[in-house]
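Coordinate analysis (summary)
Below, each chain spelled out in residue letters.
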Amino acid sequence: MRITDLLDRRSIALAANPASKKEALDTVIQLMIDSGKIKDAEAYRKEVYRREEEGTTGIGEGLAIPHGKGEFVEKPGLAALVVPEGVDFESLDGEPATLIFLIAAPNTADNVHLDVLSKLSIMMMDENFADSLRKAKTVDEFLKVIDDAEEAEKEEKTEDTPAEITVQPVCKVLAVTSCPTGIAHTYMAAEGLEKAAKAKNCTIKVETRGSGGAKNVLTEEEIAAADCIIVAADTQVPMDRFHGKPVISCQVADGISKAEELLDEAISGKVPPYQAETKPRETVKASGSVGHKIYMQLMNGVSHMLPFVVGGGILIAIAFLIDGLSVDMTTLPAEMRANFGTITPAAALFKQIGGVAFAFMLPVLAGFIAMSIGDRPGLALGFVGGSIAASGSSGFLGALVAGFLAGYTILFLRKIFDKLPEALEKIAPVLLYPLFGILIVGLIMYFVVEPPVGALNTAMNTALTNMSGTSKVLLGILVAGMMSIDMGGPFNKAAYVFGTASIAAGNYDIMAAVMVGGMVPPCAIALSTILFKKKYTKQERESGPTNFIMGLAFITEGAIPFAASDPLRVLPSCIVGSALAGALSMAFDCTLMAPHGGIFVFPVVGNALMYLVSLVAGTIVAAVLLGVLKKDVTE
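Here's a quick rundown of the structure. (Residues numbered from 1 in each chain as written. Predicted model: local features only at pLDDT ≥ 70, side-chain atom pairs only at ≥ 80, totals over all residues. Heavy atoms only, no water.)

1. Comments concerning unusual backbone geometry
- A positive phi is found at E90, a non-glycine position, where the angle reads about 55°.
- You can see E90 is positioned in the loop between β5 (77-87) and β6 (97-106).
- In this structure, N216 is a non-glycine residue whose phi angle is positive, near 60°. (Helix = DSSP H or I, 4+ residues; strand = E, 2+ residues; numbered from the N terminus.)

This is the structure:
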């Protein structure tokens, strides 16, 4: 299918001047509707905007390609909008969009919109082609530019048939390209590598792993015959198949902007072979900086941990809701109030199931961080280290340490066992790595990580006890701020234990400050993901609002995935917001007799209205700080 087959004259505008991205989208959506290819205009409009919420379709270089697919599309179509002065489209490179192509695709299995999208992305890499479209004076001229470009591309492919290639290729290259959204950059990187290979007289085949799945998949025979393999990807790619072959690993953007350098490196013959599973991964060229590698390893753990946090946290919140609606807290004795969330049988069941999910949170975090560093052998070590952190006093900070410790322990063991006889080398992943690795990680966690953190926890409790007679506001700042320092770790636990102990002593104002401090981080993150969408990944934007539920239920752990992925910005923001909320709670003489429950125990809060004001103020301040401190995310 040709691009011009999808373009209707009624769906092209050459001199638009929208004032905003929304106006540009509304204009080009209306062009599509005018072409008669949409059955339900409102449903299509909502889908285009929903897709834009997942991540901007402004791919850079002045191009934006929004799209919508569903039953509301009668037949596939394209709409084109030329904006001579440009419009801010939140593009990946920050440049204004001057060419906007909108795609409409019916809900069919052929993924026609992805095929057209990839073709458009590739053609737009030609600056002359893009400039010609921008300079077109009439719709006919605009269509002719596209027709001529497609015809030239077709003739170029015909001329480059294998039968006409008489010069011996310099190098046989294979490549894999993939980006997080699986759309434009995947195909643009493939095109960049293909052009560079042609210019350097190299044969190349590129496997694209886009939204429509893997295409042009490399075969075992092709891999065996290749001189070098280039993996330009920002997502996980199956790598075991490349064992023993020279592999260059880089970011997908390098496939677009540094294609010639990558081909030169492939031709040089100096690329080290990739070793899968039983060999050190350091032999593979690193993708990006050290910081980028650590971030990717960290995010591997966070992404796998997230379902346990969300699922378990919401179930626990339901348990508090059930008890809150079923029990009059003011008539219960103190020992019963301490069991809030498990008083009624239904609440106890939800609390138990949610607690089981929560118990997996830190082992999963550590396990998958370790796996991203040491492959599958690191998983068991990370799970063990994370479990030690969860059952001890180090919390999620200990789990982070355990994950990296486990991953690099595997790398260390691979070097130690590198010279083993072949017979023993085969059993190393299932016998030697787990045996020695778990022992090493366990010993280090128990004797190196846990003791100082436990001592710190004790010191925190002692300090809080000695401070209880000083300024209430200062105490509120301290205990509430501590709830955000490590969100379940020793600081958090120290403040919480101090708060619960204060209930027994009749000091209900301290527990109020502790709880509001723990409620702020998840609520602030949820609000921030809504107000500052550019600061968060698609996955974070989708999971962020669930933190309102966990925050209101006093489940601080909902903020852990966000704190783990960007601790230097998230933690200070949350600490300031929590400290403010704690100070206000003390200043307003708010009190709390229940040790848990969040908003569901507000009926037993003294001065509940001002307690809510304290929570809202802390949440807003922390959310604004997150928006200021966090950097824009490029997906």
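And the narrative resumes.
2. Focus on the nonpolar core
- L365, M445, M487 and I525 are the most contacted members of the largest nonpolar core, which has 41 residues in total.
- Listed by contribution, the elements that provide at least two residues to this core are α11 (290-326), α14 (361-374), α15 (377-391), α16 (395-416), α17 (422-467), α23 (560-565) and α24 (567-587).
- At 9 residues, α14 tops the list of elements feeding residues into this core.
- With 36 residues, the next largest nonpolar core counts M482, M511, V514 and A581 among its residues. (Core = buried A, V, L, I, M, F, W, Y, C linked by side-chain atoms within 4.5 Å. Buried < 20%, exposed > 50% of the residue type's maximum accessible area, 1.4 Å probe, protein only.)

3. Digging into the environment of F600
- Relative to the helices and strands, F600 is located in the loop between β12 (591-592) and β13 (605-606).
- On a C-alpha basis, the gap between F600 and F320 in space is 6.4 Å, while along the polypeptide they are 280 residues apart.

4. As for the state of the cysteines
- In total, this model carries 0 disulfides according to the counting rule given.
- The structure places no disulfide on C202, whose sulfur is separated from the nearest cysteine sulfur, that of C171, by 5.1 Å.
- The exposure class of C202 is buried, given its relative accessible area of 8%. (Disulfide = S-S within 2.5 Å.)

5. Some details on the packing of α14 against α15
- Where α14 contacts α15, the two axes come as close as 7 Å, and the packing angle between them is 150°. Classified by the interaxial angle, the pair formed by α14 and α15 is roughly antiparallel. Remark: the crossing between α14 and α15 carries right-handed chirality. Contacts between α14 and α15 involve L362, P363, V364, A366, G367, F368, A370, M371 and G374 on the former and, on the latter, P377, G378, L379, G382, F383, G386, S387 and A390. (Axes fitted to C-alpha atoms, helices over the stretch in contact; angles between N-to-C directions. Parallel < 35°, antiparallel > 145°, perpendicular 65-115°, else oblique. Left-handed = near helix turned anticlockwise from the far one by under 90°. Contact = heavy atoms within 4.5 Å.)

6. Thoughts on the packing of aromatic side chains
- Evaluation of the coordinates by the stated rule reveals 8 aromatic pairs.
- Note on F308 and F360: the rings are 5.8 Å apart at their centroids and 40° apart in plane angle, and the pair reads as tilted. Pair noted here: F308 is in helix α11 and F360 is in the loop between α13 (345-359) and α14, with a separation of 52 residues, a long-range link.
- Assessed through its relative accessible area of 27%, F308 is described here as partly exposed.
- Take F360: its relative accessible area is 40%, and that puts it in the partly exposed class.
- The structure contains a cluster of three or more aromatic residues connected by ring pairs, namely F417, Y433 and F436.
- K21 extends its terminal NZ or CZ atom over the ring of F89, reaching a point 4.9 Å from the ring centre. (Phe/Tyr/Trp six-rings, centres within 6.5 Å; stacked < 30°, edge-to-face > 60°. Lys NZ or Arg CZ within 6 Å of the ring centre and 35° of its normal.)

7. Thoughts on a negative patch on the surface
- Among the surface-exposed residues, E61, D93, E95, D126 and E127 lie close enough to one another that they form a single negatively charged patch.
- Along the chain, E127 falls in helix α5 (residues 127-135). (Patch = residues over 30% accessible without salt bridge, like charges linked within 9 Å, V, L, I, M, F, W, Y side chains within 5 Å. Areas by Shrake-Rupley, 256 points an atom, 1.4 Å probe, with all protein chains shown as cover. Salt bridge = Lys/Arg side-chain N within 4 Å of Asp/Glu carboxyl O. Lys, Arg positive; Asp, Glu negative; His and termini not counted. Charge placed at Lys NZ, Arg CZ, Asp CG, Glu CD.)

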